[in-house]
Amino acid sequence: MNKIYTSILAAAATAIVATAVIAPASVNAWGDSANGRPSYTIAEINAGKLGDKITFNSISDSKIGNEKNFVGAKVSSQAADTWNADEITVKDGETYTIRLYVHNNSPKGTAKIAENVKATFAVPTAVAKSHTIVGYLDSSNAAPNRYWDEVVLKSDKDFYLEYVDGSARYTNAKLGTVALPNEVITSGAKLGYDKLDGKIPGCYEYDGVVTIQVKAHQSVTAKLSKTVRIKGTKGWNESVTAKVGDEVEYQIEYENLYNTTVNNVMIRDILPTNMEYVQNSTYLYNTAYPNGARLDGNTVTTSGINIGSYQAGGNAFVRFTAKVVDKELKCGDNQLVNWASSTVNDKVTKDDASVMVKKTGGTCDTPTPPTPPTPPTPTPTPPEPTPQVIPSTGPSAIVLGALGVGATVTTAGYYVASRKKLMKK
């Protein structure tokens, strides 16, 4: 049975708060895989102009205005009706909420269910005066099957954006507000109506909103580079392909960007569910230990490790091994993302690396493989067999008693990805 779009006001009465009207987006900010989809008014939808087609975010007089402008931003502490879909000027240390509106425009409700619906945000990792965040919406049986829109965050000073870990949310009339995985900023996160199964029926009663939070920073205190390789191979990358049972080596490079010595640098790594830490595999490389020193305690993936003190420009490398296991692998492709962090003076720097695992056989039907991601550009690597440590600006002191001893790592702080190519001032 068709779900008639009675009026903008009637539809808005049942909308969730996060879908308030936003300002018009700049020309060409939006796009889709059809190189420009048609727009429809509510009257045209009710008159059957869409037919049996499933399409998203194409109504021009929707409750959010023009649905093609479906990505917006606002200061997180501001009211829900202050979204801006064009650009927003940021302040140092301020947190911003980025919104992506999701609406299957078919009026036929559960008779026209969009399949494999997922949302993805591309959050820039550079240091610049302007950053464009792009939101993507995908569905395997919609036409077009990919949609995107953008919002610009800008400042008169250079800044970078920290994605706030665990901030991704999805809100609709049935689920209320539920958490989404951090993969929403890498490979994408599935959405849904009554569960996150990728299925969204047509009409306003099934629409929803995805939100993430980012924080603006105009100061850079450390550089952290996280890379990975299959154990026994050479060359470090931001992503590798592995299978269950393989062991991989992770490398975390820390560099002090302060102009003064810092003490008690904490390094911590958070492994995803299907990666298992290999006991007694953590090694520290720096000027005090150019050939590496094994750290006891096995706390690098729990409470973290203290790697000592470093002068301005000083650096260190931490390496450890993990094994791919099958605890919650889904059939098909799995992207296992894990985050490394350094903490100095309550300021946190983060970077991530990925292991791609494909699960087939057994009860898994062979899935149609998705479009493979763009192969990552290998990051510069230290010569084998030991990392190159900057000799003239190494650690002024290593707290031997603290090596391998866990300490709690704070969660608020800074994010600087290895892809930023930061220049020291």
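Residues numbered from 1 in each chain as written. Predicted model: local features only at pLDDT ≥ 70, side-chain atom pairs only at ≥ 80, totals over all residues. Heavy atoms only, no water.

### Description of the overall build of the protein chain
To be explicit about the condition: Counting from the N terminus, the helices are the DSSP runs of H or I reaching at least four residues and the strands are the DSSP runs of E reaching at least two. The buried label applies to any residue whose accessible area, calculated with a 1.4 Å probe on protein chains only, is under 20% of its type's maximum; exposed applies above 50%, and partly exposed to all values in between. The contact criterion used throughout is that any non-hydrogen atoms of two residues lie within 4.5 Å. Note that accessible areas follow from Shrake-Rupley with a 1.4 Å probe, and for residues the cover is restricted to the protein chains shown.
Counting its regular elements, the protein chain contains 2 helices and 22 strands. With 425 residues in all, the protein chain has 50% of them scored as buried. Here the contacts in the protein chain between residues at least 6 apart in sequence split such that 74% fall between residues at least 24 apart. Counting every atom, the protein chain has about 18300 Å² of accessible surface; 51% of that belongs to carbon and sulfur.

### Notes on unusual backbone geometry
Cis geometry marks the peptide bond from Ala-143 to Pro-144, where omega comes out at 0 degrees. With respect to the helices, strands and loops of the structure, Pro-144 is situated in the loop between β6 (128-138) and β7 (146-163). Of note, Asn-57 is a non-glycine position whose phi angle comes to about 45 degrees, a positive value. Relative to the helices and strands, Asn-57 resides in the loop between α2 (42-46) and β2 (71-75). Of note in the backbone geometry, Asn-264 takes a positive phi value of approximately 55 degrees without being a glycine. Within the fold, Asn-264 resides in the loop between β14 (247-256) and β15 (266-270).

### Section: the pattern of salt bridges
Here the idea is simple: oppositely charged side chains can pair when their charged atoms come close. Here is the rule: Salt bridge, as applied in this entry: a Lys or Arg side-chain nitrogen positioned within 4 Å of an Asp or Glu carboxyl oxygen.
Under the defined criterion, the tally for this structure stands at 16 salt bridges. We note a salt bridge from Lys-350 to Asp-165, for which the minimum N-O separation is 2.7 Å. Taken together, the residues span a long stretch of sequence, with Lys-350 in strand β22 (residues 347-359) and Asp-165 in the loop between β7 and β8 (169-172) at a distance of 185 residues. Judged by relative accessible area, which is 8%, Lys-350 ranks as buried.

### Quick look at the environment of Val-262
By the secondary structure assignment, Val-262 is in the loop between β14 and β15. On the basis of relative accessible area, Val-262 is assigned to the buried category, the value being 2%. Once the C-alpha coordinates of Val-262 and Gln-311 are considered, the two residues, 49 residues apart in sequence, prove to be 6.5 Å apart.

### Some details on the confidence of the model for the protein chain
Formally: The predictor reports its confidence for every residue as pLDDT, a score running from 0 up to 100.
Looking at the protein chain, pLDDT values average 82 and 79% of them are 70 or higher. The element-level mean pLDDT for the protein chain is lowest in helix α1 (residues 8-13), coming to 34, with β8 highest at 98. Confidence drops under pLDDT 50 across residues 377-381; counting only partners more than four residues distant or on other chains, this segment forms 9 contacts.

### Quick word on the sheet that holds β15
Note the threshold: If DSSP finds at least two bridges between two strands, the strands pair.
One open sheet holds the 5 strands; their spatial order is β13-β22-β21-β15-β19, and the pairing between them is mixed. Single-partner strands in this sheet number two, and they are β13 (239-242) and β19 (305-306). Both strand β21 (residues 332-344) and β22 contribute to a ladder of 13 bridges, which runs antiparallel. What sits directly across from Val-344, in β22, is Lys-347.

### Observations concerning the pairing of β15
The pairing of β15 with β19 spans 2 bridges and is antiparallel. Note that in β19 the partner of Met-266 across the bridge is Asn-306. Alignment of β15 against β21, held across 5 bridges, turns out to be antiparallel. In the strand pairing of β21, Asp-269 is matched with Ala-340.

### Focus on the packing of aromatic side chains
Heads up, the rule is: Here a pair means two rings of Phe, Tyr or Trp (six-membered ring of Trp) with centres within 6.5 Å. Their orientation is stacked below 30 degrees between planes, edge-to-face above 60, and tilted elsewhere.
For the structure shown, the criterion picks out 6 aromatic pairs. Ring geometry for Tyr-193 and Tyr-206: centres 4.7 Å apart, planes at 80 degrees, overall edge-to-face. Of this pair, Tyr-193 sits in the loop between β10 (189-190) and β11 (208-217) while Tyr-206 sits in the loop between β10 and β11, and the two are 13 residues apart along the sequence. Grouping residues by exposure puts Tyr-193 and Tyr-206 together as buried.

### What to know about the state of the cysteines
Let me state the cut-off plainly: Counting rule for disulfides: a pair of cysteine sulfur atoms within 2.5 Å.
Taken as a whole and judged by the stated rule, the model has 1 disulfide. Across a sulfur-sulfur distance of 2.0 Å, Cys-331 and Cys-364 are joined as a disulfide pair. Taking the sign of the S-S torsion, -75 degrees for the link of Cys-331 and Cys-364, the bridge is left-handed. Note that Cys-331 is positioned in the loop between β20 (315-324) and β21 and Cys-364 in the segment after β22, a separation of 33 residues in sequence. According to the relative accessible area criterion, Cys-331 is partly exposed, its value standing at 38%.

### Observations regarding the nonpolar core
The condition is simple: Among buried residues, the Ala, Val, Leu, Ile, Met, Phe, Trp, Tyr and Cys ones that are joined through side-chain atoms within 4.5 Å form a nonpolar core.
Among the nonpolar cores identified, the biggest contains 52 residues, and Ile-98, Phe-121, Leu-153, Leu-191, Val-210 and Ile-212 are the most heavily contacted of them. Contributing elements (two or more residues each) for this core: α2, β2, β4 (95-102), β5 (118-122), β6, β7, β11 and β21. By residue number, the principal contributor to this core is β7, which donates 6 residues. Filtering out sequence-adjacent residues up to four positions away, Ile-212 remains in contact with Tyr-96, Thr-97, Ile-98, Phe-121, Val-123, Tyr-163, Ser-167, Ala-168, Val-184 and Ile-185.

### So, the pairing of β21
Most of β21 is tucked away, with 11 of its 13 residues classed as buried. Counted between consecutive antiparallel strands, the loop separating β21 from β22 contains 2 residues, among which Asn-345 sits at a positive phi close to 55 degrees.

### Section: the side chain of Asp-246
The line we're drawing: Any pair of N or O atoms that falls within 3.5 Å is considered a polar contact. Within protein, one atom must be able to donate a hydrogen and the other to accept it, and sequence-neighbouring residues count only if both atoms are side-chain atoms.
You can see Asp-246 is positioned in the loop between β13 and β14. On the basis of relative accessible area, Asp-246 is assigned to the buried category, the value being 19%. Only 3.0 Å separates the side chain of Asp-246 from the backbone nitrogen of Lys-243, close enough to count as a polar contact. For Asp-246, the contacting residues outside a window of four places in its chain are Ala-322, Lys-323 and Val-324.

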